[in-house]
Amino acid sequence: MITAALAAMWLAACGGGGGDSTPVATDGGTSAPAPAAGGGTGAPAPAPAPTPAPATQLAWATATGGSTSTPQMWHWVNENQAGTVMVAGAIPGPFAISRDGGATWTDTTLSNTGSWIAADMSADGNTIVVLGFGGAMHRSLDGGATWAVIDTAYNAGGNLSYESVTVSADGTMIVAVDINGNVYRSANGTAATPTFTTQAVAGAAFRTVDSSADGNVVILGSQNGSLYLSTDGGVTINPLPVTVGGTAVADSWYRSAITPDGNTIVAVANTDFAGVNSTGIYVSHDRGATWVRGDATGGAYTSVDVSGDGQTIVASLSSRAGGTLGGELLVSTNGGTSFSVMDSPAGESNWRSIAIDGAATRMVLAAGTFGATTGRVYVSSGTIVGQ
């Protein structure tokens, strides 16, 4: 259950709250074959290409099995690059897992009263790291069957204000952050007892961290208006300015995502915190050297994710700026040049977290608000392209 101290910690952290594309020219037809030498006929024109099968319309199915069969205060979902392993964590509540692409779900042995604020996993889905808010770091090496606490060396009380975690593709690199500006890094994340180094970044209040597949390129976001970048696995962390059209952007960064090669970075902010700013979805395809604002929608962004090639980007909001229109799902299939509203499950609007697989073929989505509203977990089918 949530203690008064934990609730107070959460409220203090959360502030009381839960470009133009270039057209491609085509001639629209084929050229006639040239006459053969000597007046003969040319080669026959190629047979027309078969009509492609129509794309299957995007659809959502409600997850079932374990605690996903009933509404929960879901806070975090994630999946591996293959889309075969998915996880969902609630605050407070269970931590559930699917190992068949979302078809069936089971509860793990992690506490059903934990505040599971973030999770990430290796490419094969065997190494999974889960953070508790006001809690500890838990790790599984067998795909969620068994768990162990791995942060007691620096978190003996098991009560850190964790916010986000990232795991390299092979599971060896773990980087976690907390709301107080601390970064916790391990380079032997699959060892029986991983070792961690800790560093504090002055002035930061971290909400998000993500990394490249090899764990070397790390993007970190602070709600105080700064992004940070590391290219050595979190050993050295430097400010990463976001500038669009000569204007510096200082949004209250809440969620970020990075492609496996570490080149495409996406960042969004959240207006649920007092005195903060959210002005849209920001995208860089050159590791933060240059940025575009792919969408000018401001609001309470709750998650963002990107496909392996950096071309498909999905984001969830619990509300637009000013609390208008309720929650929405936004999608780009052109690398963030533009975004559109994506089809979403009926009957829900308080979208909390969305994740996409590397091939942009499968998504997992959850609704809910800590201490306020329950929702369900959903798994997509059909095509994302064309939304």
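In what follows, the structure referred to is the one given above.
Residues numbered from 1 in each chain as written. Predicted model: local features only at pLDDT ≥ 70, side-chain atom pairs only at ≥ 80, totals over all residues. Heavy atoms only, no water.

Engineer: Mind showing me how you'd approach the environment of threonine 193 here?
Structural biologist: Secondary-structure assignment places threonine 193 in the loop between β12 (182–186) and β13 (197–200). Linking threonine 193 and threonine 152, residues 41 residues apart in sequence, is a C-alpha distance of 9.9 Å. (Helix = DSSP H or I, 4+ residues; strand = E, 2+ residues; numbered from the N terminus.)

Engineer: Explain the sheet that holds strand β2 (residues 74–79) to me, please; I cannot follow it from the model alone.
Structural biologist: Neighbouring strands of a sheet are bound in pairs by backbone hydrogen bonds; such pairs are parallel or else antiparallel. Taken in spatial order, the 4 strands make up an open sheet running β2-β3-β4-β5, and their pairing is antiparallel. Bordering the open sheet on either side are β2 and β5 (106–107), each of which pairs with just one other strand. The sheet contact formed by strand β4 (residues 95–98) and β5 spans 2 bridges and is antiparallel. Its bridge partner being in β5, alanine 96 is matched across the sheet by aspartate 107. (Pairing = 2+ DSSP bridges.)

Engineer: Explain the sheet that holds strand β1 (residues 59–62) here, please?
Structural biologist: Here we have 4 strands laid out as an open sheet, ordered β1-β30-β29-β28, and antiparallel in their pairing. Each end of this open sheet is capped by a strand with a single partner; those strands are β1 and β28 (351–356). Sheet twist, expressed as the average angle between the axes of neighbouring strands with direction ignored, equals 25°. Direction of pairing for strand β29 (residues 363–367) relative to strand β30 (residues 377–381): antiparallel, over a ladder of 3 bridges. Paired with leucine 365 across the two strands is tyrosine 378, which belongs to β30. (Axes fitted to C-alpha atoms, helices over the stretch in contact; angles between N-to-C directions.)

Engineer: Mind showing me how you'd approach the pairing of strand β25 (residues 313–320) here?
Structural biologist: On any regular strand, side chains alternate: one points to one face of the sheet, the next to the other face. Burial analysis of β25 places 7 of its 8 residues in the buried class, the great majority of the element. The sheet contact formed by strand β24 (residues 299–306) and β25 spans 6 bridges and is antiparallel. Directly across from glycine 299, in β25, lies its bridge partner arginine 320. Judged from the 5 bridges that link them, β25 and strand β26 (residues 328–332) form a sheet pairing that is antiparallel. Bridge pairing in β26 places alanine 315 opposite leucine 330. (Buried < 20%, exposed > 50% of the residue type's maximum accessible area, 1.4 Å probe, protein only.)

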